[in-house]
Number of protein chains: 2
Amino acid sequence: MAATKAAKGTSKARGATQWVYVFGGDKSEGGSGLKNLLGGKGANLAEMSNIGLPVPPGFTVTTEVCTHYYASGNTYPAELAAQVMAGVAHIEAIVGAKFGDPRNPLLVSVRSGARVSMPGMMDTVLNLGLNDLTVEGLAAKGGDARFAYDSYRRFIQMYADVVLGMEHGVFEDVLEHRKADKGVEGDTELGAEDWKWVVAAYKEKVEEELGRPFPQDPAEQLWGAVGAVFKSWMNQRAITYRRLHDIPEAWGTAVTVQAMVFGNMGEDCATGVAFTRDPSTGENAFYGEYLINAQGEDVVAGIRTPQSITIAGRKRSGSTLPSMEESMPAVYAELARVRLVLEKHYREMEDIEFTVQRGKLYMLQTRTGKRTTAAALKIAVDMAREGLITQDEAVLRIDPAALDQLLHPTLDPKAKKQVIARGLPASPGAASGIVAFSADEAESLAEKGQAVILVRNETSPEDIHGMHAAKGILTTRGGMTSHAAVVARGMGRPCVSGSGEIRVDEKGGFLTAGGVTVKRGETITIDGSKGEVMLGTVPTVQPELSGDFATLMGWADGVRRLGVRANAETPLDAATARRFGAEGIGLCRTEHMFFDEGRIVAMREMIVADSEKGRRTALAKILPMQRADFVELFKIMRGQPVTIRLLDPPLHEFLPHSDKDLAEVAKAIGADVETVRRRSHALRESNPMLGHRGCRLGISYPEIYEMQARAIFEAAVEVSRETGDTVEPEVMIPLIATRKELDILKSAIDGVAEEVSKATGVTFKYLVGTMIELPRAALRAKEIAETAEFFSFGTNDLTQTTYGLSRDDASSFLGDYQRRGVLERDPFQTLDTEGVGELIRIAVERGRGSRPGLKLGICGEHGGDPASIAFCEEAGLDYVSCSPYRVPIARLAAAHAALGKKSS
Amino acid sequence: MAATKAAKGTSKARGATQWVYVFGGDKSEGGSGLKNLLGGKGANLAEMSNIGLPVPPGFTVTTEVCTHYYASGNTYPAELAAQVMAGVAHIEAIVGAKFGDPRNPLLVSVRSGARVSMPGMMDTVLNLGLNDLTVEGLAAKGGDARFAYDSYRRFIQMYADVVLGMEHGVFEDVLEHRKADKGVEGDTELGAEDWKWVVAAYKEKVEEELGRPFPQDPAEQLWGAVGAVFKSWMNQRAITYRRLHDIPEAWGTAVTVQAMVFGNMGEDCATGVAFTRDPSTGENAFYGEYLINAQGEDVVAGIRTPQSITIAGRKRSGSTLPSMEESMPAVYAELARVRLVLEKHYREMEDIEFTVQRGKLYMLQTRTGKRTTAAALKIAVDMAREGLITQDEAVLRIDPAALDQLLHPTLDPKAKKQVIARGLPASPGAASGIVAFSADEAESLAEKGQAVILVRNETSPEDIHGMHAAKGILTTRGGMTSHAAVVARGMGRPCVSGSGEIRVDEKGGFLTAGGVTVKRGETITIDGSKGEVMLGTVPTVQPELSGDFATLMGWADGVRRLGVRANAETPLDAATARRFGAEGIGLCRTEHMFFDEGRIVAMREMIVADSEKGRRTALAKILPMQRADFVELFKIMRGQPVTIRLLDPPLHEFLPHSDKDLAEVAKAIGADVETVRRRSHALRESNPMLGHRGCRLGISYPEIYEMQARAIFEAAVEVSRETGDTVEPEVMIPLIATRKELDILKSAIDGVAEEVSKATGVTFKYLVGTMIELPRAALRAKEIAETAEFFSFGTNDLTQTTYGLSRDDASSFLGDYQRRGVLERDPFQTLDTEGVGELIRIAVERGRGSRPGLKLGICGEHGGDPASIAFCEEAGLDYVSCSPYRVPIARLAAAHAALGKKSS
């Protein structure tokens, strides 16, 4: 902002606001530093002009005019008219033509330009300044009446469409009519007279529709176009786009007015677009297309096939059309020089637009080029090696979220596909398999070697084995953070959730969607990156991780401060996490271990028991299995910390609901049906999320946590004996609301540790800490930290309680909330730094206040979200923990956060 | 504390701790100001001695010795022994007898005494100092061997019981054996030789049981008794009592050692207890009982019938036994004088114990007398009028919670009753009626003029009409804050909740409890103050509110700062609230208005509609009914503020669940069954408390809130036109989490207000505010207050979310929590000032920070809880709102809070 103010002062009298910035010739007032004021397009045109590149002269009306326009009831600042006219004069002086001069008319383009490229707004009006008189001047000047009238009709068409708000179909009808009359197919076959006729017909249509003639005064045309740009800032499509991309309305748009250059004045003219490197692969090779004798829109329209600008490109595409390198070697050489200048100047891969008018190259646009994640990686690493950018900059060039693309199999983009339904892109990657409608079915099919897609209305912890067995998961209900979505992301399974178009008939064994019925055993494909469900098998491709990936991640690890752990409980997940660079386990959810066949029976026996003795008998059966789990986990993670959360979900999650299933349970555990039913009934809860779960189970049934603590400590002793490694488990107690809960439970755990130590003769270290997942725990962190040796922020539950918002139920109205602008982002995906974040900051401050070295981490879904990781860095946490497949994302995001903090 | 330190310094050398305080004679070191140090008993004995009342001399071992004892592994301070012996010497000097002197023995009593009276601890050892030698001295001195040996055996019995820990049945057996041998029935028929024999047998039993003889050394006896008092501080009963009554363990107990006086040395001796006023009615009349020739324990034991101390008392009880006024007129006159001295000195109704030894009166205890609430009221008002206390003190004398007793019908205490089950005392008062097992049944029976008790497993908003129709409510599930309990308290209906012993068979039309079956149409009685369920009709009495009640409430209103409003929506509730002195409605829950027959159909139509248009059609039917509700409410409350909360519960609460019921709904609203079922299914939620409810409905279905706002404003206009009153409705939006929600909804409400104003030509004032019931709203209060014109703290939901604790589900484990000492009180009954309270403080500060005059209230259940009201006073809220029947309690509690703040 300081720069803006300074720049403003240079060319205008003190006190008066500079609303217009000129560029071109030897006088450019702006530059790429003024993007906020001039928009991306205007700023970069000025910048290119500043560094001596050939840019047609022009001027930019600032974004502040847009702000003024909306703040003052759609009026312009008083000084604007004079400043715009001065801008026009600036162009006239350089081009040597006059706006509205019938003999030597200046034509201009008018373009919108916000800070960031924004589809949905008015784009461009070309050839502005043409009217019934100047068209003749243009014809005379260039000696080409056909070109002049073609330009005029293009102008009327564009202007009527984007400024006057007419349907452009009206004009197409006129054109088709003329072509039919003349018996021709292409526009090129029409001559000057035809275009004259078309212009007359167009003007008639305008007058017919609007009740007034097409504006002939170039100044009126100019103000009309400028106004249209500003109005387009608030049209519905622009508003929607801004909401989706977090662009503040206050930014406003600039308007750039620039002298026209023509790529369509003959065979020595051309127009084209190029990238300074290959945007698909990142290869350091010039990459672009051009068309001879064409205007920019012709390249996009796809009527003629564009030609490669380089010989190498032509060869690669197998085209016979000459490359620019061949057809216009001098101009190509100039363009290649421009490419190098731009890369050196911007230190980025650029996306450029250019026009060649009568053998002379003009640059019309440059901006940062979009690229695939793979290309981004290669470009960043290459540029750092080339010395164009630093390693830190290379790290910052990669969007952490985009890494996801590299880590999961994706659909072959060339394959055909029949989409039968859409849902939410809940867990990335693609998978094909036969449909199974229950977890058991999925598991038994998988055991027979079948690839399975598990299809459920929604999933619950009871479905875990089926989810593990399946290649992908599809649900008809639930959002991006539903059980299915969270677990699938944790497992690295593709998942499409909340696909409301699908109706599942589990009993009938089929699903219907998009008019198609898929029966049990038939195949579908899901694309969890896009949220699509397809009929049959669509081939996928397994991405390979390049050496550049490892290089960049190494650089990232070098700068990040935050540790990165994984949420994992199975050996497979733990191994994946290590492979992706996790530095430990931040959340091992022990309940997932109880759903295994064999264990669930003992677990249910425990739940149904009506005395402590009965529960202890059942728990004694679970102990060796649970211990074996931990032995395996400690071995995989050897040397790294493992945080184990004691039993968290309410007990009714372990019991089935139907009478039939309850009867089976009764039989399995040798209990009376009525007893089982009564217990199941008694455990039912109105709001299980806020019910008898977490440490509340530990208070009611101390024997459960004691068994788990015993399993952990005995496993630690066993592994340290066997491997010689030091195993230091971190025992984590969920859902603490008061210090007293923790005091009681920690003392029981300490007691078990002492017993195990005594019985085995081995002394070992361990930590006892707590989840901070309730507002009260955050507020009382000072006293809780007097007992807790670490905090792990359970931001899923903390978000649920802080917002009073159920993750499972929110999907029914979060859509309304985003549509009405209440929430910009799903708070379960990106941490609400204002509300939940304040509680975290409070807990950090108070917790460290009473225990200075308190270890702090986060283990909610947010631990893998880049924006949330930036918050964790700021809040001073020690580590984030996320699902194994998000570990690389978290590592990179942590590096970004560290670099962002360094620079701020 | 300052007073304590100062007092300590007076009689001992600087630096040494004074562990023992003497009283009696002309040297009393303590007084009633030292209750913390000397316990209630010791402090008051010293105090009585100070003001010249006849108190046998003694000394008190301080509570600090108890603290030292537990802090240092059950040992005493080094200086204690010497200080105790000095205390004994003090007694000896005054009494003129010596501890352990075989000829002239001093006997003492040893009593425990904490700051407050605490059952469960060691109470008293009398006659300490007797042994085989001193018993003879006692006999010789008094010339009464029978008395001496009776005293000795009493001592052994008590000492063995409370100090040596022997079963006292052992001694009763010996005594019974002797009586049988002698062929006598009463103790009085035994002579000196018999008691000698008994003493010998007792000693034998002690030695037999403990392996050592009964201690003969008086000093050993004394230390044994002192130690027993301290040990009893930590016995299980004392611990439990402390937990139940919020008494900190750190307080400790004192021990008082006092010279014995005997009421059992002959016909000129007596013992008795008295109240300085009538503890049942509060009448200013001396009230008490005495026994001639008896020890204190005989009065309590009930073997002999105690006699009234006054002639009036004797006449009233119709007794023929002479009153003390008649039998011992001189002593009575002295006692009557003591009564006046005590009342004047303590400015309280006192509960006293006295002994008359050989015609001389000795005071053994005075303490504040317990009394019924009615008596408390009368005594407080009388004493203020008598000038003994100020009006403020009178206000502080009444426990607000105890007022509840006065406001509800109670069971006739004289009636017989057969209790068949117990549950929680969820809503006070008693009621009888025939059992009904559904709301519809209750309603139709009530319409036929039947008194009904509605019996449900649990209630839901659908049962409201049945609850209204019933005289009382009984549930088998749910706690003190379950739906049934909350609604019943709001309606002033008695309720017993969570009576797990009852099994309801709705289909069969009967309930079973305590081995009894009660069929549909049979009568039960419930006592919601005690949580009892009784067979048949138990007669009740309707309490009358005395003039003292109105007087005291007037004084309370004069000092309180907090406003008191009521939570009410029906005309009946609103009228009750006004009658009890409410100053407006703080919470009118509009959803309760939708369950009425006729409305529920339109409501369901609205819910099932799949378009805004359909919803608007249904809402148009509800509008006139809702408007009529508000017209009635505004008329009743004329001139007072009415806060109306827009629709809050999730929509599925308005739909039934079973397929059969859904089919009926479909028929009633003329919709397709499948549509209704699908809608009901789609609305189902995992955690409805955190679901699509509150303002979230307003965001998704703006038309609902618009209809409600219209009904409110149109009613306001209608009533102001009709009555000339100014009606200023306060529109309250529930469950706000973000400012944006409120912005959107307030702007819609403002729009409706403008329309109504335009259509009616009437301008009116109104406020739009919000509930603060989510942690996030409290944290973001600053920005929310930029839009909200008032805040009302919804502490029920705020407690649920801050603790992550469902009110409906917590009952399953809150018992464990209280048992294990995690929670001292149910946070849904008494506000958690540390967690929830901090959020309220934050919201108050931030809200007033951005809107200085922001009106602040509370409308959760806590609004009627005295401890929580004290917090509201401290937090600076403007008013509390509670159920109508708690309004007087809140008024009084608010006065207490204001006075408490003034004095602190």
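As a reminder, the structure under discussion sits directly above these lines.
Keep in mind the model is a prediction, meaning the values are calculated, not measured.

(A) Structural view of the relation of the copies chain B and chain A. In the superposition of chain B on chain A (RMSD 0.2 Å, axial shift 0.1 Å), the rotation amounts to 179°. Here the two chains are linked by the operation of a two-fold rotation axis. A shared binding surface is used by both copies, with 98% of the interface residues of chain B retained as interface residues in chain A.

(B) Spotlight on the sheet that holds strand E5 (residues 254-259) of chain A. All names here are of chain A. A sheet is described by the order of its strands in space; here five strands give the open sequence E1-E2-E5-E3-E4, paired in antiparallel fashion. At either margin of the open sheet sits one strand with a lone partner, and together these are strand E1 (20-23) and strand E4 (124-128). Averaged over all pairs of adjacent strands, the angle between strand axes in this sheet comes to 20°, irrespective of strand direction. Direction of pairing for strand E3 (residues 108-113) relative to E4: antiparallel, over a ladder of three bridges. When the bridges of E4 are listed, Val110 appears paired with Val125.

(C) How the structure looks around empty space enclosed by the protein. If you walk through the whole model with that rule in mind, you get seven cavities of 30 Å³ or more. In this structure, the largest cavity occupies an estimated 60 Å³ of space. Lining of the largest cavity is provided by Tyr803, Leu805, Phe813, Tyr817, Val822 and Leu823 of chain A together with Arg696, Ala737, Thr738 and Glu741 of chain B. Looking at the lining of the largest cavity residue by residue, the classes come out as seven nonpolar, one polar and two charged.

(D) Layout of the interface of chain B and chain A. Tallying the contact residues gives 53 residues for chain B and 52 residues for chain A. Looking at the side of chain B facing chain A, the largest losses of area belong to Leu690, Arg776 and Arg820 of chain B, adding up to 14% of the total buried there. Applying the counting rule to chain B against chain A returns eight salt bridges. The interface formed by chain B and chain A holds 31 residue pairs in polar contact (both at pLDDT 80 or more) in total. Broken down by secondary-structure element, the contributors of at least two residues to the side of chain B that touches chain A are helix H26 (673-683), helix H27 (695-700), helix H29 (739-760), helix H30 (775-779), helix H32 (795-803), helix H33 (811-819) and helix H34 (836-850) of chain B. Sorting elements by how many residues they give to the side of chain B that touches chain A places H27 of chain B first, with five residues. For the side of chain B that touches chain A, the residue count by class is 18 nonpolar, 16 polar and 19 charged.

(E) View of the layout of surface pockets. A volume near 810 Å³ is recorded for the second largest pocket. Split into classes, the residues belonging to the lining of the second largest pocket amount to ten nonpolar, five polar and 15 charged.

(F) Structural detail: the packing of aromatic side chains. Counted under the stated rule, the structure contains 42 aromatic pairs over all chains. Each ring, one from Phe147 of chain A and one from Phe262 of chain A, has its centre 4.9 Å from the other, and the planes form 90°; the classification is edge-to-face. With Phe147 of chain A in helix H6 (residues 145-162) and Phe262 of chain A in the loop between E5 and strand E6 (270-275), this residue pair connects regions lying 115 residues apart in the sequence. For the pair Phe147 of chain A and Phe262 of chain A, a shared accessibility class is recorded, and that class is buried. Between the aromatic rings of Tyr159 of chain A and Phe214 of chain A, the centroid separation amounts to 5.5 Å while the plane-to-plane angle is 75°, which identifies the pairing as edge-to-face. Taken together, the residues Tyr159 of chain A in helix H6 and Phe214 of chain A in the loop between helix H8 (192-210) and helix H9 (218-232) connect sequence positions 55 residues apart. Given the relative accessible area of 2%, Tyr159 of chain A is considered buried. Classification of Phe214 of chain A as buried rests on a relative accessible area of 2%. An aromatic cluster is built from Tyr69, Tyr70, Tyr76, Trp223 and Phe230 of chain A, whose rings are joined through pairwise contacts. When the ring centre of Tyr362 of chain A is taken as reference, the NZ or CZ atom of Lys360 of chain A above it lies at 4.9 Å. Its guanidinium or amino end placed over the ring of Phe580 of chain B, Arg579 of chain B lies 5.0 Å from that ring's centre, counting from NZ or CZ.

What counts, and where the lines are drawn
- Residues numbered from 1 in each chain as written.
- Chains lettered and ligands numbered in written order.
- Predicted model: local features only at pLDDT ≥ 70, side-chain atom pairs only at ≥ 80, totals over all residues.
- Heavy atoms only, no water.
- Least-squares fit on C-alpha atoms with pLDDT ≥ 70 in both.
- Contact = heavy atoms within 4.5 Å.
- Pairing = 2+ DSSP bridges.
- Helix = DSSP H or I, 4+ residues; strand = E, 2+ residues; numbered from the N terminus.
- Axes fitted to C-alpha atoms, helices over the stretch in contact; angles between N-to-C directions.
- 1 Å grid on protein atoms, 1.4 Å probe; cavity = no way out; pocket = protein on both sides within 12 Å on 5 of 7 lines; lining within 4 Å.
- Points joined across faces, edges and corners; volume = space filled by probe spheres on them.
- Nonpolar A, V, L, I, M, F, W, Y, C, P; charged D, E, K, R; others polar.
- Buried area = accessible area lost by both parts, 1.4 Å probe.
- Salt bridge = Lys/Arg side-chain N within 4 Å of Asp/Glu carboxyl O.
- Polar contact = N/O pair within 3.5 Å; in protein donor to acceptor, adjacent residues only side chain to side chain.
- Phe/Tyr/Trp six-rings, centres within 6.5 Å; stacked < 30°, edge-to-face > 60°.
- Buried < 20%, exposed > 50% of the residue type's maximum accessible area, 1.4 Å probe, protein only.
- Lys NZ or Arg CZ within 6 Å of the ring centre and 35° of its normal.

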